[in-house]
Amino acid sequence: MTSFNRSTSRRLKKLTQIPSVWEGDRRPLSSPNQHSDSEEKGECILWVDYSQGVVRGMDVVASDIGPEAIVRTLMRAMEHPHSPARPARPQRIVVKDREIQFYLRGVLQDLDIAIDYAPELPLIDELFRGFADILDSQTPDLPPQYAQILQEKAFAIWEAAPWEFLEEQQILSIEINKWDVGTLYASVMGMLGMEYGILFYRSEESLKQFRTAVLQDEDSNEHLEEAFLKQDCLFLTFESAEEDEDEDEDEESDLADLPLSEIDPTFGNIHPLEGLRSVLYDEEALVILVAIESLIRFIRDRRRDLQEDIFPTLSRRYRISLPQSEESTKSVAVTVSTMPQLAAELEEMAGFGDDEEIDNLDFGNFQSLQDDLIPEDSFLSLGVVSWEILDRLRKGVTYHKAGEIKEVGDGLPVILIQTSRPKAKTVIERIEAAGGLRAICFNPGADPFDGDRYDLGLLQTQNDELFLFGEFLDEDPVHVEARKKWNQRCKNTKGYCGLIIAKGLTGASRGNPQLRDMMALFETRSLSQKDLGIGTLKLMPQLNLE
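Procedures and definitions
Residues numbered from 1 in each chain as written. Predicted model: local features only at pLDDT ≥ 70, side-chain atom pairs only at ≥ 80, totals over all residues. Heavy atoms only, no water. Helix = DSSP H or I, 4+ residues; strand = E, 2+ residues; numbered from the N terminus. Polar contact = N/O pair within 3.5 Å; in protein donor to acceptor, adjacent residues only side chain to side chain. Pairing = 2+ DSSP bridges. Axes fitted to C-alpha atoms, helices over the stretch in contact; angles between N-to-C directions. Contact = heavy atoms within 4.5 Å. Patch = residues over 30% accessible without salt bridge, like charges linked within 9 Å, V, L, I, M, F, W, Y side chains within 5 Å. Areas by Shrake-Rupley, 256 points an atom, 1.4 Å probe, with all protein chains shown as cover. Salt bridge = Lys/Arg side-chain N within 4 Å of Asp/Glu carboxyl O. Lys, Arg positive; Asp, Glu negative; His and termini not counted. Charge placed at Lys NZ, Arg CZ, Asp CG, Glu CD. Buried < 20%, exposed > 50% of the residue type's maximum accessible area, 1.4 Å probe, protein only. pLDDT = per-residue confidence, 0-100. Arc of directions from axis to C-beta. Disulfide = S-S within 2.5 Å. Core = buried A, V, L, I, M, F, W, Y, C linked by side-chain atoms within 4.5 Å.

Draft legend 1. Quick look at the side chain of Glu167. Structurally, Glu167 is set in the loop between helix H6 (144-160) and strand E6 (172-178). Polar contacts involving the side chain of Glu167 include one to the side chain of Arg421, which spans 2.7 Å.

Draft legend 2. Highlighting the sheet that holds strand E4 (residues 89-95). Overall, mixed pairing links the 5 strands, which are arranged E3-E2-E1-E4-E5 in an open sheet. Each edge of the open sheet carries a strand with a single partner, namely strand E3 (54-61) and strand E5 (114-117). Direction aside, neighbouring strands of the sheet carry axes that sit 20 degrees apart on average. Here 7 bridges tie strand E2 (residues 43-49) to E3, and the two strands are oriented antiparallel to one another. Within E3, the residue paired with Val48 across the bridge is Val55. Contacts from helix H3 (residues 68-79) reach strand E1 (17-28), E2, E3 and E4 within the one sheet, and its direction differs from that of E3 by about 145 degrees. Here helix H4 (residues 98-107) sits on the sheet and contacts E1, E2, E4 and E5; the angle it forms with E5, its principal contact strand, is near 170 degrees.

Draft legend 3. Region of interest: a negative patch on the surface. Taken together, the side chains of Glu308, Asp309, Glu429 and Glu432 define an acidic patch exposed on the protein surface. For Glu308, the position within the fold is in the loop between helix H9 (282-306) and strand E12 (315-321). Judged by relative accessible area, Glu308 falls into the partly exposed class, the value being 45%.

Draft legend 4. Layout of the confidence of the model for the protein chain. Confidence in the prediction of the protein chain, expressed as mean pLDDT, is 83, and 85% of residues score 70 or more. Taken element by element, the predicted model of the protein chain shows its lowest mean pLDDT in strand E14 (residues 362-363) (38) and its highest in E6 (95). Predicted confidence is poor over residues 352-367, with pLDDT under 50, and the contacts of this stretch with residues over four places away or in other chains come to 35 contacts.

Draft legend 5. Representation of the sheet that holds E12 in the model. Taken in spatial order, the 8 strands make up an open sheet running E11-E10-E9-E8-E7-E6-E13-E12, and their pairing is antiparallel. Looking at the sheet topology across the chains shown, the edges are occupied by strand E11 (275-277) and E12. When the angles between neighbouring strand axes are averaged without regard to direction, this sheet yields 25 degrees. Pairing geometry for strand E8 (residues 196-201) and strand E9 (residues 233-240), over 6 bridges, is antiparallel. From the neighbouring strand, Tyr196 faces E9, where its bridge partner is Phe238. Most of the contacts of H6 go to strand E10 (residues 263-271), to which it runs at about 105 degrees, and overall it touches E8, E9 and E10.

Draft legend 6. Up close: helix H11 (residues 387-396). Within the sequence span of H11, burial applies to Trp387, Leu390 and Leu393. The buried residues of H11 occupy an angular sector of 110 degrees when projected down its axis, which confines them to one face. Turned more than 90 degrees away from the buried face of H11 sit Glu388, Lys395 and Gly396, all of them exposed. Lining the buried residues of H11 we find strand E16 (379-385), strand E18 (412-418), strand E22 (496-502) and strand E23 (518-527).

Draft legend 7. Up close: the pairing of E22. Extensive coverage of E22 is indicated by the burial of 7 of its 7 residues. Side chains of E22 alternate between two faces, with Tyr496, Gly498, Ile500 and Ala502 and Cys497, Leu499 and Ile501 buried alike. Both E18 and E22 contribute to a ladder of 5 bridges, which runs parallel. The residue bridging Ile417 from the neighbouring strand is Ile501, located in E22. Across 7 bridges, the pairing between E22 and E23 is antiparallel. Following the sheet pairing, Cys497 is matched in E23 by Thr524.

Draft legend 8. Highlighting the state of the cysteines. On inspection of all chains with the given rule, the structure shows 0 disulfides. As a non-bridged cysteine, Cys441 has Cys497 as the owner of its nearest cysteine sulfur, 9.3 Å distant. Among the residues examined, Cys441 registers a relative accessible area of 1% and is labelled buried. Between Cys497, a cysteine without a disulfide, and Cys490, which holds the nearest cysteine sulfur, the sulfur-to-sulfur distance is 4.9 Å. You can call Cys497 buried: its relative accessible area is 0%.

Draft legend 9. Looking closely at the nonpolar core. By size, the foremost hydrophobic cluster in this structure holds 52 residues, and its most contacted members are Ile157, Ile174, Ile176, Phe200, Phe238 and Phe267. The leading source of residues in this core is H9, at 13 residues. If you look at the next biggest cluster of nonpolar residues, it comprises 26 residues, including Val61, Val71, Met78 and Ile100.

In structure tokens:
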């Protein structure tokens, strides 16, 4: 048995010995009415002065820590007690655990302290009853009778991944008509790869008000927080179960790439008068349970329709069974519907589909060059897609064929434009409205004001319009190397190349769009600057004629 060093014993014996009885015990930090594992919460060690009615020392330790822990707490109770107690040594100690009694007798034998056993410790028993009452009075995040099934439904939604094909403005109505809830309006978050979850608005008005506030104050964090707290909705969000505070934000992995075991669902409520709380009460739990289950079924039944480019008009009715509860109702009839008209209204509010308000560049006498096709903040790259990926791409996206391409070299050279989904749709529609894509070409350009020379990336449509998609400095070594590879690959394919329009600019796949992000493939021909025949384009000043 471990014992004190002689110097420690001498130091403790110098403490004034007071004529008092101390109680000591070690108990799990849980209430008898709770079903949680006490080992997860640890154990509490208490030393109290029964004669004076004060707590002298308290510690919380892991359940697997040995009996030395109770001695360490006792030492602090003697030498550094909680206020108002003063350093002292008791005449008598009482414990209710025989093992602790025998252990303390061996360790404290040189301190002239009597170690006794008692079946009850009145003061400590009263303190632990108070702790248990506090634990019992704490509201759990989810009602215990619904916690497991809500977790299961949350993981089912995670695996269904509706954010892969539904945007935030593509609202689904869920008509419940139960528990004072008429219709919920579900907004799916996650297509941008930033936050994953579903907001269940209690009214269409609340949804619109929040969108309006965000669009008006998107640069003001204070106003955004205020708008967030004014929402009226239930929510389900997903987070990483193990947040790494030291992880570089730029290197943070997308939540969607994590295994299910590392995903942590959170339920809660937001209301203008309540604010945010991550707690659901019984009726709220039933409402969100019914909403999620009906949503899961709707996604399962209509997944293919929902993946179409156009948000369709759909509606399905379901009967959702309720878990056993105090309510006599065994099931609820729910109707889930898409809301294309509301989605269009929200897109209009956000300015989706509008052309970028960018002044046209005036290159000398060549007036037909436009720069309003490709959004200004798009990600652009010159690259290649393998023949295998190309075959899959042709079958899965909007596809425009240019001719029979022989599979020579490592793949088809492509220009990739990545932007947001709404803007990508606009780009695709404009190219199609112009009759399709005739050619991709690079042409020299110059800025006579600062002497810079450029390699201008141009798209030529079938109606003879030219659109600027990129300006690359001639001296940029990265672009120079990319152009060399582009020219060689186009030579291998006998001039065939392609344009890929992809979504996901602000998501996890930014700069590296996956197959599911690609929305259109235009196969075309590569055109040389000689064939284009427009010479060097010079940037001219734009006159302001008002």
